[in-house]
Amino acid sequence: GGEVMKFSEELFEPRVMHGAGCSFATAIACALACGVDEITAIRRAKAFVANAIKNAHGSNFGVRLLDHKAAGANV
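Residues numbered from 1 in each chain as written. Predicted model: local features only at pLDDT ≥ 70, side-chain atom pairs only at ≥ 80, totals over all residues. Heavy atoms only, no water.

> Can you lay out the overall build of the protein chain for me, pointing to particular residues and giving the numbers?
Secondary structure summary: the protein chain contains 3 helices and 2 strands in total. Counting all 75 residues of the protein chain, 27% fall into the buried class. (Helix = DSSP H or I, 4+ residues; strand = E, 2+ residues; numbered from the N terminus. Buried < 20%, exposed > 50% of the residue type's maximum accessible area, 1.4 Å probe, protein only.)

What follows is the structure in structure tokens.
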């Protein structure tokens, strides 16, 4: 329908996260596969990834790794 929706989220430090984009896309796909509508799927995926970022682990490679377990299973 040509409609544009904006979804915002606060930025967390450090900004270098490994896997955030893939996790976000997968969370949306999983929610859609479970029959959730598109807007709710996006909102749930954003919350899931934001929590995974907040609880991320350090690594020896200069990036932080998402903690998917801490993110919860509300997708």
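Continuing now.
> Residues and numbers for the side chain of Asp67, please.
Considering the arrangement of structural elements, one finds Asp67 in the loop between β2 (64-65) and α3 (68-71). Lys69 provides the closest opposite charge to the buried, salt-bridge-free Asp67, at an N-O distance of 6.9 Å. Looking at Asp67, its side chain comes within polar contact range of the side chain of His57, at 3.1 Å. Apart from the residues lying within four places of it in its own chain, the contact partners of Asp67 are Ala52, Asn55, Ala56 and His57. (Lys, Arg positive; Asp, Glu negative; His and termini not counted. Salt bridge = Lys/Arg side-chain N within 4 Å of Asp/Glu carboxyl O. Polar contact = N/O pair within 3.5 Å; in protein donor to acceptor, adjacent residues only side chain to side chain. Contact = heavy atoms within 4.5 Å.)

> Account for the state of the cysteines, with residues named and values stated.
Following the criterion strictly, the structure yields 0 disulfides and no others. Not part of a disulfide, Cys34 finds its nearest cysteine sulfur in Cys30, a span of 6.9 Å. Assessed through its relative accessible area of 65%, Cys34 is described here as exposed. (Disulfide = S-S within 2.5 Å.)

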